[in-house]
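Structure at a glance
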Amino acid sequence: VNLFDLPFMPLFAVILFLVHPLVCLVAMIGLAIMVAIGWLNVVLTRETAKAGRSADLDANAFAMSAITRGPEIRAFGMLPDLSMQWGLKSARSIVAAEKASHLTGNLSALSRSVRQGIQIVTLGWGAFLVIHGDMSGGLIFMASMISGKLLQPIEQAIAGWEATTKALQSFADLDEVTKSHKRLEERPPLPEPSGQIELRDLSIALDRGRTLLGGVDLRIKPGECVLLEGASGSGKSLLMECIAGGR
């Protein structure tokens with residue numbers, strides 16, 4: 001939730017400057033230190049997080065490949081060995097993620113300590129200014145609260161950096177997968193739907209000349225129920241895919 005305070009950070013800085021320029025300077029020093037900690041977090045966890053995501057994808061791909069060949073794997077007695085291989089791949093992913101998480105946690109704790117330290121320094125500096133008559137007593141607590149509001153978004157960004165990088169990588173992967181579909185050629189104009197399904201001389205053949213569907217004629221009126229049956233591999237799923245517009 002504190003990340004929503006990011007757009008208001010300049011406003012908090014202006015308020016601190018109006019309270020007293022030296023109080024604002026203390027907060028800016030703390031902000032610079034926390035930004036440096038955040039940059040250090042990005043640099044130190046980049047390769048580890050990348051290795052963790054790669055290992056996780058490798059483990060998932062291995063598992064999906066094994067699942068699709070389940071009967072053959074059980075028949076040849078390969079399940080124990082494959083389970084061990086999947087466990088090793090998953091362990092590499094977990095170790096890399098744990099390493100990145102541990103480092104991020106340490107830097108997050110450091111940033112929290114810096115924020116709390118800056119708020120304490122702000123209170124002390126404010127008391128010093130009050131003693132010398134440069135600031136009223138009530139502004140001490142206001143300055144401490146505003147400095148905390150100024151620094152908390154950076155602290156939260158460091159603490160949640162691992163989740164942020166995963167979300168950004170997921171968006172990038174999704175964009176890569178759907179990139180080809182975003183450049184679909186313009187489809188030919190179709191007549192207005194009339195509430196019925198009609199196929200006329202539908203034929204589908206492979207490049208090698210093998211005909212998968214040949215001369216299919218079909219007409220289904222609104223409200224009709226049609227049972228499609230046939231042997232395995234006869235083209236039932238292919239026909240349904242054509243009706244649904246997948247071909």
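Everything discussed here concerns the structure shown above.
In this report, the structure presented in the accompanying data block is examined. (Residues numbered from 1 in each chain as written. Predicted model: local features only at pLDDT ≥ 70, side-chain atom pairs only at ≥ 80, totals over all residues. Heavy atoms only, no water.)

Description of the overall build of the chain
Short version of the rule: Put simply, DSSP H or I for four residues or longer makes a helix, DSSP E for two residues or longer makes a strand, and each gets a number counted from the N terminus. Remark: exposure states derive from per-residue accessible area (1.4 Å probe, protein chains only) relative to the maximum for the residue type, with buried under 20%, exposed over 50%, and partly exposed in between. Whether two residues are in contact is decided by their heavy atoms: any pair within 4.5 Å suffices.
Counting its secondary structure elements, the chain contains seven helices and two strands. Written out in order from the N terminus, the α and β elements of the chain read α-α-α-α-α-α-β-β-α. Dimensions of the chain, computed from the C-alpha atoms along their principal axes, are close to 95 × 55 × 30 Å. Per-residue burial over the chain gives 27% buried out of 247 residues. Within the chain, counting contacts between residues at least 6 apart in sequence, those at least 24 apart form 66% of the total.

Things to note about the pattern of salt bridges
Defined as follows: The salt bridge criterion pairs a side-chain nitrogen of Lys or Arg with a carboxyl oxygen of Asp or Glu, the two atoms within 4 Å.
Taken as a whole and judged by the stated rule, the model has four salt bridges. The partner of K89 in a salt bridge is D58, and the shortest N-O contact between them spans 3.1 Å. Taken together, the residues K89 in helix α4 (residues 79–131) and D58 in helix α2 (residues 21–68) connect sequence positions 31 residues apart. Here D58 falls in the partly exposed class, since its relative accessible area comes to 35%. Between R115 and E155 there is a salt bridge whose closest N-O contact spans 2.3 Å. Here the residue R115 occupies a position in helix α4, and E155 occupies one in helix α5 (residues 138–159), the gap between them amounting to 40 residues. Comparing R115 with E155 shows no difference in burial state: the two are buried.

Topic: the packing of α2 against helix α6 (residues 161–177)
What describes two packed helices is the angle between their axes and the distance between those same axes. Selection criterion: Axis definition: a line fitted to C-alpha atoms, limited for helices to the stretch in contact. Angles are taken between N-to-C directions and run from 0 to 180 degrees. Small angles under 35 degrees read as roughly parallel and large ones over 145 as roughly antiparallel, with 65 to 115 read as roughly perpendicular and the rest as oblique. Crossings are classed by handedness, with left-handed meaning an anticlockwise turn of the near helix from the far one by less than a right angle and right-handed meaning a clockwise turn. Residue polarity is assigned by list, with Asp, Glu, Lys and Arg as charged and Ala, Val, Leu, Ile, Met, Phe, Trp, Tyr, Cys and Pro as nonpolar; anything else, Gly included, falls into the polar class.
Two elements in contact, α2 and α6, have axes whose closest approach is 11 Å; the angle formed by their N-to-C orientations is 55°. If you check the angle between α2 and α6, you find them oblique. Classified by chirality, the crossing of α6 by α2 is right-handed. On α6, the residues that touch N41, V42, T45 and R53 of α2 are W161, T165 and Q169. The residue inventory of the contact of α2 with α6, partitioned by class, reads two nonpolar, four polar and one charged.

Overview of the packing of aromatic side chains
Keep this limit in mind: Only Phe, Tyr and Trp rings take part, Trp by its six-membered ring, and two of them pair if their centres are within 6.5 Å. Stacked means planes under 30 degrees apart, edge-to-face means over 60, and tilted covers everything else.
Scanning the entire structure with this criterion turns up one aromatic pair. When the ring of W125 is compared with that of F128, the centres are 5.2 Å apart and the planes differ by 25°; the resulting orientation is stacked. Here F128 and W125 lie together in helix α4, a separation of three residues that amounts to about one turn. Residue W125 is classed as partly exposed on the basis of its relative accessible area of 30%.

Focus: the layout of surface pockets
Put simply, the rule is: Note on definitions: the grid is 1 Å and covers protein atoms alone; a cavity is a set of points where a 1.4 Å probe fits but cannot get out; a pocket is an open set with protein on both sides within 12 Å along at least five of seven lines; lining residues have an atom within 4 Å of a point. Grid points are joined across faces, edges and corners, and a volume is the space filled by probe spheres set on the points.
Here the second largest pocket is characterised by a volume of approximately 270 Å³. Around the second largest pocket, the lining is made up of 16 residues, and of these A49, G52, R53, D56 and K166 lie nearest the centre. Counting only elements with at least two residues in the lining of the second largest pocket, the list comes to α2, α4 and α6. Partitioning the lining of the second largest pocket into residue classes produces five nonpolar, six polar and five charged.

Looking at the side chain of S111
Within the secondary structure, S111 is located in helix α4. The exposure class assigned to S111 is buried, which follows from its relative accessible area of 0%. Residue contacts for S111: discarding those within four places in its chain leaves M34, I37, E155 and I158.

Here's the deal with α5
Quick reminder of the rule: A helix's residues, less one, multiplied by 1.5 Å, set its expected span. What we call the bend at a residue is the angle made by axes fitted to the seven residues finishing there and the seven residues starting there.
Helix length check: α5, at 22 residues, gives a terminal C-alpha distance of 32 Å against a target of 32 Å (1.5 Å per residue), a fit within 8%. At L151, α5 shows its strongest bend, of approximately 35°, with the proline P153 following within four residues. When α5 is considered as a whole, its buried residues turn out to be I140, A143, S144, I146, S147, G148, L150, L151, P153, I154, E155 and I158.

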